[in-house]
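Below are the chains, spelled out letter by letter.
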Amino acid sequence: MGTTVLGELRGAQKSAKGVSLYSRYVNRPAGRYLAAVAYRAGLSPNQVTLVSAVFTLAGIAAVALVRPSWPLALAVYAALAVGFAFDSADGQLARLTGKGGPAGEWLDHVVDCVKMVALHTAVLISFYRFFDLPGDGWLLLPLGFQLAAVVTFCGGLLTEQLKRAATRAGAPAATRAAPETAGNPGGGAPAAAPPSRLRAVALLPVDYGVFCLVFLTLGAPGLFRAVYAVLAAVHAVFLVAFLAKWFRELSALPRNPA
């Protein structure tokens, strides 16, 4: 594998701002190598997205259909982690080849949404079929976790899109006022603040890669249930914090004229 492709992929990385340590130092580098392999194989970004879906859905199906065991735990984690790495690779390949577009972004988000809903549904099915639960109330846990995950995912996407729309609407006025120094009183290009390592650590509990690690405990159903419950509670807390943050940020944006 040529170092040129890897170098170009490294230079085409998205910002590390708002990204956890796992995604920054594990998943993105793994995705970079997979993107290089896909580039050499002549795959398109959309094909890489579908490869990601195949690995992920295989792991999800195994959770729902196979009795928990240590071999299953390893197989499920491997499938989910590889699928997540390919999920990073498709965007990196798109930026390298310039073949990205709205359709590819749509496909990527649809696969992410299916993955999120299906994985917690598979845990619910596994709880019902294979786990010796203390009570039926535990069957509500995957539904609550699923709700927190889906609202976080959709809320984050919607916030991003609304910010982009507000930026596009305000760009012409800002350009007319100060084409070279808008947003930078000192003049010249605004300096990008380095990503916060503390924030990268704090985001680890809500990183999908860390969530995949939970499935390594499937060989011990009681331990899996406990770790899954703790992570569900953490996601619920983060959801409240994210919603407050996103509402505050959007409230600060200029209103559209009536």
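About the criteria used
Residues numbered from 1 in each chain as written. Predicted model: local features only at pLDDT ≥ 70, side-chain atom pairs only at ≥ 80, totals over all residues. Heavy atoms only, no water. pLDDT = per-residue confidence, 0-100. Helix = DSSP H or I, 4+ residues; strand = E, 2+ residues; numbered from the N terminus. Contact = heavy atoms within 4.5 Å. Core = buried A, V, L, I, M, F, W, Y, C linked by side-chain atoms within 4.5 Å. Buried < 20%, exposed > 50% of the residue type's maximum accessible area, 1.4 Å probe, protein only. Phe/Tyr/Trp six-rings, centres within 6.5 Å; stacked < 30°, edge-to-face > 60°. Disulfide = S-S within 2.5 Å. Salt bridge = Lys/Arg side-chain N within 4 Å of Asp/Glu carboxyl O. Axes fitted to C-alpha atoms, helices over the stretch in contact; angles between N-to-C directions. Parallel < 35°, antiparallel > 145°, perpendicular 65-115°, else oblique. Patch = residues over 30% accessible without salt bridge, like charges linked within 9 Å, V, L, I, M, F, W, Y side chains within 5 Å. Areas by Shrake-Rupley, 256 points an atom, 1.4 Å probe, with all protein chains shown as cover.

Some points on the confidence of the model for the protein
Line of reasoning, step 1. On average, residues of the protein score 86 in pLDDT, and 82% of them reach the 70 mark or higher.
Line of reasoning, step 2. Confidence scores differ between elements of the protein, with helix α1 (residues 3–11) showing the lowest mean pLDDT of 66 and helix α3 (residues 45–65) the highest of 97.
Line of reasoning, step 3. Contacts from residues 173–191, a stretch scored under 50 in pLDDT, to residues over four places away or in other chains number seven contacts.

Brief notes about the nonpolar core
Nonpolar side chains tend toward joint burial in soluble globular proteins.
Line of reasoning, step 1. If you look at the biggest cluster of nonpolar residues, it comprises 31 residues, and the most contacted ones within it are F127, F211, F215, L218 and F224.
Line of reasoning, step 2. Mapped by element, the contributors of at least two residues to this core are α3, α4 (70–97), α5 (102–130), α6 (140–177), α8 (208–214) and α9 (221–251).
Line of reasoning, step 3. Counting residues in each nonpolar core, the second largest holds seven residues, with A35, V48, F86 and L96 among its members.

A look at the packing of aromatic side chains
Line of reasoning, step 1. In total, this model carries 16 aromatic pairs according to the counting rule given.
Line of reasoning, step 2. Pairing F145 with Y228 gives two aromatic rings, centres 4.9 Å apart and planes at 50°, and the pair type is tilted. You can see F145 sitting in helix α6 and its partner Y228 sitting in helix α9, a full 83 residues away along the chain. Across the pair, exposure class does not vary: F145 and Y228 are buried alike.
Line of reasoning, step 3. Aromatic ring contacts, followed pair by pair, group Y22, F84, F127, F131, F145, Y208, F211, F215, F224 and Y228 into a single cluster.

Observations concerning the state of the cysteines
Line of reasoning, step 1. Applying the stated criterion to the full structure yields zero disulfides.
Line of reasoning, step 2. Here C154 stays unpaired: no disulfide links it, and the sulfur of C113, its closest cysteine neighbor, is 5.3 Å away.
Line of reasoning, step 3. Under the relative-accessibility criterion, C154 is labelled partly exposed at 38%.

Section: the environment of L50
Line of reasoning, step 1. Mapped onto the fold, L50 is located in helix α3.
Line of reasoning, step 2. The exposure class assigned to L50 is partly exposed, which follows from its relative accessible area of 46%.

Looking at the side chain of S52
Line of reasoning, step 1. Following the sequence through the fold, S52 ends up in helix α3.
Line of reasoning, step 2. Leave out the neighbours within four places in its chain, and S52 touches G83, F86 and D87.

Digging into the pattern of salt bridges
Line of reasoning, step 1. Overall, the coordinates contain six salt bridges when judged by the stated rule.
Line of reasoning, step 2. Taking the shortest distance from any N to any O, the salt bridge between K115 and D112 comes out at 3.4 Å. With K115 and D112 both in helix α5 and three residues apart, the pair spans about one turn of that helix.
Line of reasoning, step 3. For K115, a relative accessible area of 8% corresponds to the buried category.
Line of reasoning, step 4. Its relative accessible area of 10% is what places D112 among the buried residues.
Line of reasoning, step 5. With its nearest N and O atoms 2.7 Å apart, the salt bridge here joins K245 to E249. Remark: E249 and K245 occur in helix α9; sequence separation between them is four residues, near one turn of the helix.

Some thoughts on the packing of α3 against α5
Line of reasoning, step 1. At a minimum axis separation of 8 Å, α3 and α5 run at an interaxial angle of 10°. With respect to each other, α3 and α5 are oriented roughly parallel.

Details of the side chain of S23
Line of reasoning, step 1. In this fold, S23 is placed in helix α2 (residues 21–41).
Line of reasoning, step 2. Judged by relative accessible area, which is 13%, S23 ranks as buried.
Line of reasoning, step 3. In contact with S23, other than residues within four places in its own chain, are R28, P29, F84 and D207.

Some details on a nonpolar patch on the surface
Line of reasoning, step 1. A cluster of nonpolar side chains, L57, W106, V110 and V114, forms an exposed patch at the surface whose accessible area comes to about 380 Å².
Line of reasoning, step 2. In terms of residue count, the dominant contributor to the nonpolar patch is α5 (three residues).
Line of reasoning, step 3. Looking at the secondary structure, you find L57 in helix α3.

A word on the environment of A202
Line of reasoning, step 1. Along the chain, the position of A202 falls in helix α7 (residues 197–202).
Line of reasoning, step 2. Using a relative accessible area of 40% as the deciding quantity, one classes A202 as partly exposed.

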